[in-house]
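Here is what each chain is made of, one letter per residue.
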Amino acid sequence: MGSSGERLFEGADWDFQTLQRIHDACEEIARKELGLDVYPNQIEVITAEQMLDAYSSVGMPLFYKHWSFGKQFAFQEASYRKGLMGLAYEIVINSSPCISYLMEENTATMQTLVIAHAAFGHNHFFKNNYLFKQWTDADGILDYLEFAKGYIAACEDRHGRETVERTLDAAHALMSHGVDRYPGKKTLDLRAEEKRAGERRQHEEAVFNDLWRTVPNAKAKSKATLTAERRRALLGLPQENILYFLEKTAPRLAPWQRELIRIVRHIAQYFYPQGQTKVMNEGTATYVHYRIMSRLHQQGRITDGNFLEFLQSHTNVVFQPEFDDRRYSGFNPYALGFAMMQDIERIVKTPEDEDRDWFPDIAGKGDVEGVLREIWSNYRDESFINQYLSPALIRRFRMFHLHDDPAESQGIKVDAIHDERGYRRVRRELARQYDVGFVDANIEVMDVDLDGDRRLMLRHTTVKGAQLNETDTRRVLQHLADLWSYDVALTEVDGTDKVLKEYVVSPRAAAVAA
Amino acid sequence: MVMHIVDRRLNPGSKSLENRQRFLRRAKALVQGAVKKSSQDRDIKDVLEGGEVTIPLDGMDEPRFRREGGTRDMVLPGNKKFVEGDWLQRPNQSGAKGSGAGEGDSEDAFRFVLSREEFVDLFLDDLELPDLAKRKLAETESEGIRRAGYATSGSPANISISRTVSRALARRVALRRPRKDDIEALEAELAECEDETRRRELLTLLEGLKAKVKRIPFIDPIDIRYRRFETVPKPVAQAVMFCLMDVSGSMSEHMKDLAKRFYMLLYVFLKRRYKHVEIVFIRHTDRAEEVDEDTFFHGPASGGTLVSSALVAMNDIVRTRFRPADWNIYAAQASDGDNMTSDSGLTGQLLTDKILPVCQFFAYLEVGEAANYTFDMPDSSLWTLYERLRNEGEPLSMRKVSERGEIFPVFQDLFKRRTASQERV
């Protein structure tokens, strides 16, 4: 950090040497000062048009072809042309090497910001957060996409574009219910199994009591119940990953259709962590770029003018409109994430008494980077907010909790505000907004009528009375029935198993798996 | 750690073009409807500009399991005056904040921009040029020649020197043919050499080398390669479009405007099918002359009406400038239908004997005043004549038009794709 004073660039222009210098300067700060651990970086310079292209293939450098991406592209292009939408300064991909796209229009300051933000902030988060470690394979993703693209193109050649498109349409409709939410059981190796059996035997010996023999047994389960249970166990039911279930058990799918479903499922799974870590991911990246840019300025490696330019974009990014503002559309993940990271820094460095009460583990600990790295690795949005949203921040944002019960004629109730009584409730409710368990409808495959007409039975357990939108649900179920090729029934029940609504959909004549 | 910078700016753009085309193909019927609708209120020139169309989302939607209703809890920023236990009025349903509102907007319609090509393609998609016997003939008759690699046999005129020499060089190197320089060097050494043993050595060496040179020729017949050509049927890729118009006093501005619209559509259409399209404007009163576009539409003229004069002029031009074997010939005639009665015989004869045999397509457009409805108009003298010819089996297309809005339907009707049995691939 001694190499101060030497400017990285002058003015707004940059070339590839400049980018290299910027990257090296950022890397030095990121590694030595923040202790970040990142994948190797690959920086790609692209045009605005290419950025639009990337938008419509969910940001990935290569993706299979499908009309829905074209639709998205047409839509985005139209709103971009009209000036309704600006383009992002960068896109970053969770892969190894970590690819960051930089727009050619950016000024040198913006490129510095973007490199600090994406190539170090996001990159570190991708590499270290437990969700990404658990669910994504950064080394393999680009190869997999390449395979998927080629495989789908080959299927189109062989089976016709329309058939492939129908299968993909159906799979896309179920994409949100094609992820594993919990890591599967690891099968034990023989040695571990033996050890476990031994432990169980010991336990049984330790708690043996002959009295239990004399207790009358419960009534044995009827044969019918046993068969049903056995059948469900064999099919792995209940199953909430509908695409997985179809891939493995749909009776009439061709092998290539199973592979297509598998591809869609894998891609949904790859994006699963990103949906759960928006606040943290952006918060981390924003905090990192803020630290790096400030340090660069301190070292005199960027000018005051550059720094002001940076501050202007930075404040735009972390702007949080209030609820009655026309611009308000929910919490801005950049704003909330960055504020929380800074707040944690404050708690670790200069805690108040309140902070000591609320966060005894980290208050006054002194090692800001260490604490933050630990948090970045081990939390997702829901648990992060639930754990680290401080009263000070609730006061600063002046958060309040509204409870809207349609049955209540008086109106919407203000349930909690930023006061002593409200902190915990506000924090719990905000965390819940980011909980995937609440965000996605809880729909499970319950059973298949193997004795009768092979009807597939699903169940939606409603939460807080929210039911499925009927038109959309019928359409999705239609896709599902086409893949399953027999009837599909969905029952909506509330927490007490009371049936609220039932759907039955039959496959279309020209079904996908005819 | 090593960092790579990749410049992707020069990569081929429009990576999502294929996706876009898929989308358009899927939404084709809808987009086509929208294109037709939007083209009705446009000028013909603007038709070429492309532009924004709106299609209903029906069939293009991507359904998802989506929840609505129920008890909602939300945490919002920016509290100013609320305290715990306050009751707020529900906003009117339309202004409901939070989830749901954003999705509702895009439900009913979907707007996007079509490029010029896409627009014209969709606009003219279900139209087709009439396939006449002659065009087939013309297509197969003219053949072109194309280079197609190299061959081991051929005529001496076609020897490919560079290929032959390079193969010979490769062979000479492979077989280690002694180089001329080496032999000369040895000879020079031999000439200066005094030592007898060395001389004998050099002599044997030289002899061996020279024998080898003889054995391995500089160019061997197996080296020789000929440029290969193959003949390909060359489609006639050019068309000429004759615009014939009556400009006598009875033709009003409105009528000319109708004619102009029709000509422009025909031009756009031909332009899509042929690489090269020429236009010849012939206007006539009782005399015909070839004029430029501006004069054609705007130049003042008056006089009687002799249709045959225009046909004679066209025939002359075809004879002198557009060999029917090389050109696809299209003609469109616009007139209010007046013609001297005495001219009918000559006109009919010219058409059947001279014009129609060389034309791919001949359309007659009878234009009327805006107020008149076509079905009210009594058949004009020209219409009667042409109708008779058509009934006799001549390939004539004829329509009546009196309103701007009818131009597109008439045009589409004329070039509508015929049934599959008649369709040629």
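Residues numbered from 1 in each chain as written. Chains lettered and ligands numbered in written order. Predicted model: local features only at pLDDT ≥ 70, side-chain atom pairs only at ≥ 80, totals over all residues.

Engineer: Looking at this structure, I do not really get the overall build of chain A. What am I missing?
Structural biologist: If you tally the helices and strands in chain A, you get 21 helices and ten strands. Projected onto its principal axes, the C-alpha coordinates of chain A cover approximately 80 × 65 × 65 Å. Taken across its 514 residues, chain A has 41% of its residues classed as buried. Partitioning the contacts of chain A with sequence separation of at least 6, the portion at a separation of at least 24 is 72%. (Helix = DSSP H or I, 4+ residues; strand = E, 2+ residues; numbered from the N terminus. Buried ≥ 20, exposed ≤ 12 C-beta atoms within 10 Å, placed from the backbone. Contact = placed C-beta atoms within 7 Å.)

Engineer: What is the right way to look at the overall build of chain B in this model?
Structural biologist: For chain B, the helix and strand inventory stands at 15 helices and 14 strands. When the 425 residues of chain B are sorted by exposure, 25% land in the buried category. Put simply, of all contacts in chain B between residues at least 6 apart along the chain, 80% involve residues at least 24 apart.

Engineer: Can you walk me through the sheet that holds strand β14 (residues 397-401) of chain B in this structure?
Structural biologist: Two modes of strand pairing occur in sheets, parallel and antiparallel, and in both the strands are linked by backbone hydrogen bonds. Residues and elements named next belong to chain B. Read from one edge of the open sheet, six strands run β11-β10-β9-β12-β13-β14, paired in mixed fashion. With one partner strand each, in any of the chains shown, β11 (288-291) and β14 form the two edges of the open sheet. Here the average twist between neighbouring strands, direction ignored, is 20°. As judged from the five bridges shared by strand β13 (residues 361-367) and β14, these two strands associate in the parallel manner. Each bridged residue has a counterpart across the sheet, and for Val367 the counterpart in β14 is Val401. The strands touched by helix α15 (residues 407-414) within the sheet are β13 and β14, with β14 carrying the most contacts at an inclination of about 165°. (Pairing = 2+ DSSP bridges. Axes fitted to C-alpha atoms, helices over the stretch in contact; angles between N-to-C directions.)

Engineer: Mind showing me how you'd approach helix α7 (residues 161-174) of chain B here?
Structural biologist: Each turn of an α-helix holds 3.6 residues, which means side chains three or four residues apart point in the same direction. With 14 residues, α7(B) ought to run about 20 Å at 1.5 Å a step, and its terminal C-alpha atoms sit 20 Å apart, in line with that. Just downstream of α7(B), Arg176(B) is the residue with a positive phi angle, here 55°. (Expected span 1.5 Å × (residues − 1).)

Engineer: For this particular structure, what's the right way to read the packing of helix α17 (residues 381-388) of chain A against helix α19 (residues 423-433) of chain A?
Structural biologist: Each pair of packed helices can be described by the angle between their axes along with the distance between the axes. All names here are of chain A. Closest axis-to-axis distance for the α17/α19 pair is 8 Å, and the angle between their directions is 170°. In terms of axis orientation, α17 runs roughly antiparallel to α19. Of the residues in α19, those in contact with Glu382, Ile385 and Asn386 of α17 are Arg427, Arg428, Leu430 and Ala431. (Parallel < 35°, antiparallel > 145°, perpendicular 65-115°, else oblique.)

Engineer: It is not clear to me how the sheet that holds strand β3 (residues 98-103) of chain A should be interpreted in this structure. Could you clarify?
Structural biologist: One open sheet accounts for four strands, arranged β2(A)-β3(A)-β1(A)-β1(B); its pairing is mixed. The sheet terminates laterally at β2 (90-93) of chain A together with β1 (4-7) of chain B, the two strands that pair on one side only. On average, adjacent strands in this sheet sit at an angle of 20° to one another, irrespective of strand direction. By the bridge criterion, six bridges tie strand β1 (residues 41-46) of chain A to β3(A) in an arrangement that is parallel.

Engineer: Quick question: what am I supposed to make of the interface of chain B and chain A here?
Structural biologist: One frequently used descriptor of interface size is the decrease in accessible area upon assembly of the parts. Contact residues are listed per partner, giving 51 residues for chain B and 76 residues for chain A. At the level of secondary structure, the elements contributing two or more residues to the side of chain B that touches chain A comprise β1, α1 (17-26), β3 (67-68), β4 (72-76), β5 (87-88) and β6 (109-114) of chain B. Relative to β1(B), β1(A) runs parallel, the two sharing four bridges. For Ile43(A), the partnering residue across the bridge sits in β1(B) and is Ile5(B).

Engineer: Would you mind going over the confidence of the model for chain B with me for this structure?
Structural biologist: Low-pLDDT portions of the prediction should not be read for the details of their coordinates. Residue and element names in this part refer to chain B. Considering every residue of chain B, the mean pLDDT works out to 76; 79% of them sit at 70 or more. Ranking the elements of chain B by mean pLDDT puts helix α4 (residues 101-105) last with 37 and α7 first with 92. If you check the scores for this complex, the pTM reads 0.70 and the ipTM reads 0.79. (pLDDT = per-residue confidence, 0-100.)

Engineer: Where do I start with the packing of helix α12 (residues 278-298) of chain A against helix α14 (residues 333-349) of chain A in this structure?
Structural biologist: Residue and element names in this part refer to chain A. Two elements in contact, α12 and α14, have axes whose closest approach is 7 Å; the angle formed by their N-to-C orientations is 65°. Between α12 and α14 lies a crossing of right-handed hand. Together, Lys278, Val279, Met280, Glu282, Gly283, Thr284, Thr286 and Tyr287 of α12 and Pro333, Tyr334, Leu336, Gly337, Phe338, Met340, Met341 and Gln342 of α14 make up the contact between the two elements. Considered class by class, the residues forming the contact of α12 with α14 number nine nonpolar, five polar and two charged. (Left-handed = near helix turned anticlockwise from the far one by under 90°. Nonpolar A, V, L, I, M, F, W, Y, C, P; charged D, E, K, R; others polar.)

Engineer: What exactly am I supposed to notice about the environment of Glu429(A) here?
Structural biologist: Residues and elements named next belong to chain A. If you trace the backbone, Glu429 turns up in helix α19. A tally of 21 C-beta atoms within 10 Å means that Glu429 is categorised as buried. C-alpha separation for the pair Glu429 and Asn386, spaced 43 residues apart in sequence, amounts to 8.8 Å.

Engineer: I keep staring at the nonpolar core and nothing clicks. Help me out?
Structural biologist: Considering soluble globular proteins, one finds that nonpolar side chains tend to be buried as a cluster. In this structure, Cys26(A), Phe120(A) and Ile292(A) are the most contacted members of the largest nonpolar core, which totals 104 residues. When sequence neighbours within four positions are dropped, the list of residues in contact with Cys26(A) reads Ile115(A), Ala116(A), Phe120(A) and Ile292(A). (Core = buried A, V, L, I, M, F, W, Y, C linked by C-beta atoms within 7 Å.)

Engineer: Can you walk me through unusual backbone geometry in this structure?
Structural biologist: Glycine aside, negative phi is the norm for most residues, and most peptide bonds take the trans geometry. Here the bond from Ser96(A) into Pro97(A) is cis, since omega is 0°, no more than 30 degrees from zero. Looking at the element boundaries, Pro97(A) is found in the loop between β2 and β3. Following Leu237(A), the chain continues into Pro238(A) via a peptide bond in cis, with omega recorded as -5°. Backbone geometry at Arg454(A) places phi at a positive 60°, although glycine is not the residue there. Its location among the elements puts Arg454(A) in the loop between β6 (442-448) and β7 (456-461). Phi angles above zero are rare outside glycine, and Arg176(B) is one such case at about 55°. The topology assignment puts Arg176(B) in the loop between α7 and α8 (180-192).

Engineer: Just checking my understanding: could you explain α19(A) for this structure?
Structural biologist: The complete set of buried residues in α19(A) reads Tyr423(A), Val426(A), Arg427(A), Glu429(A) and Leu430(A). On an axial view of α19(A), the arc spanned by its buried residues comes to 170°, and they lie on one face. Buried residues in α19(A) make contact with α17, α18 (391-397), β4 (400-404) and β5 (412-416) of chain A together with β4 of chain B. (Arc of directions from axis to C-beta.)

Engineer: Would you explain the pairing of β2(A) in this entry?
Structural biologist: Consecutive residues of a regular strand have side chains that alternate between opposite faces of the sheet. Across the two faces of β2(A) the burial is the same, with Glu90(A) and Val92(A) and Ile91(A) and Ile93(A) all buried. Here β2(A) folds back onto β3(A) in antiparallel fashion, the turn holding four residues.

Engineer: Looking at this structure, I do not really get the environment of Arg231(A). What am I missing?
Structural biologist: Residues and elements named next belong to chain A. In this fold, Arg231 is placed in helix α9 (residues 223-235). Residue class for Arg231 comes out partly exposed when judged on the 15 C-beta atoms lying within 10 Å of it. Considered as a pair, Arg231 and Phe271 are 40 residues apart in the sequence and their alpha carbons are 32 Å apart.

Engineer: I tried to follow the confidence of the model for chain A on my own but got confused; where do I start?
Structural biologist: Residues at a pLDDT of 70 or more form 96% of chain A, whose mean pLDDT is 87. Per-residue pLDDT, averaged within each element of chain A, yields its smallest value for helix α3 (residues 67-82) of chain A (77) and its largest for α14(A) (94).

Engineer: So what exactly am I meant to see when it comes to the environment of Pro351(A) here?
Structural biologist: Residue and element names in this part refer to chain A. If you trace the backbone, Pro351 turns up in the loop between α14 and α15 (353-358). For Pro351, a count of 19 C-beta atoms within 10 Å gives the class partly exposed. Separated by eleven residues in sequence, Pro351 and Ile362 have C-alpha atoms that sit 9.3 Å apart. Residues within four places of Pro351 in sequence aside, it is in contact with Arg356, Ala363 and Gly364.

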